[in-house]
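Here are the chains, one letter per residue:
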Amino acid sequence: MVESDVVEVVKLHNELEELQKKIAAKVPLDELLDESFMRIYTFFGFVTVQELIDACEGLIGLAYSDIDKNDEKFNEYIRDNTSFDNWSEMIGKATMLWAEKQLEQK
């Protein structure tokens, strides 16, 4: 791969991350993390994102809206209860799958 190809790949990766953030900000969490996603990518029988959040709130002792999504304790919870290393990775995967579904419907 030549240097210009590497620069282009990095640029596309950054654009994809920005698009994922925009989608995640506009699509309701329970639509991104739907029942199918939760059954595949979470452990311990979580079927809805609300179940995952409720368990987390009980563990961390904060309302979900008050949890810093970059907090190590929160990301440890995600690591222990899902197939992902952190919340950002989980939302990124969910966003990608959601976008694919939207494209398939068109």
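Preceding block: the structure.
Read on for a plain summary of the structure. (Residues numbered from 1 in each chain as written. Predicted model: local features only at pLDDT ≥ 70, side-chain atom pairs only at ≥ 80, totals over all residues. Heavy atoms only, no water.)

### So, the side chain of N81
Quick note on the threshold: A helix here means a DSSP run of H or I that spans at least four residues, while a strand means a run of E at least two residues long, and both kinds are numbered starting from the N terminus. Partly exposed describes any residue whose relative accessible area lies between the buried limit of under 20% and the exposed limit of over 50%, with all areas from a 1.4 Å probe on protein chains only and scaled to the type maximum. Whether two residues are in contact is decided by their heavy atoms: any pair within 4.5 Å suffices.
Inspection of the secondary structure puts N81 in helix α5 (residues 72-81). Assessed through its relative accessible area of 10%, N81 is described here as buried. Non-local contacts of N81, meaning those with residues more than four positions away in its chain, are made with T42, F43, F44, F46 and L52.

### Looking at the nonpolar core
Note the cut-off: Residues belong to a common nonpolar core when they are buried Ala, Val, Leu, Ile, Met, Phe, Trp, Tyr or Cys residues joined through side-chain atoms within 4.5 Å.
Core analysis: the largest hydrophobic core is formed by 24 residues, its most contacted members being L33, F37, M38, F74, I78, W87 and M90. Those elements that provide at least two residues to this core are α3 (35-41), α4 (49-60), α5 and α6 (87-104). Dropping the residues within four chain positions of it, F74 is found in contact with C56, I60, Y64, I67, D68, K69 and W87.

Geometric values such as these leave the question of function open.
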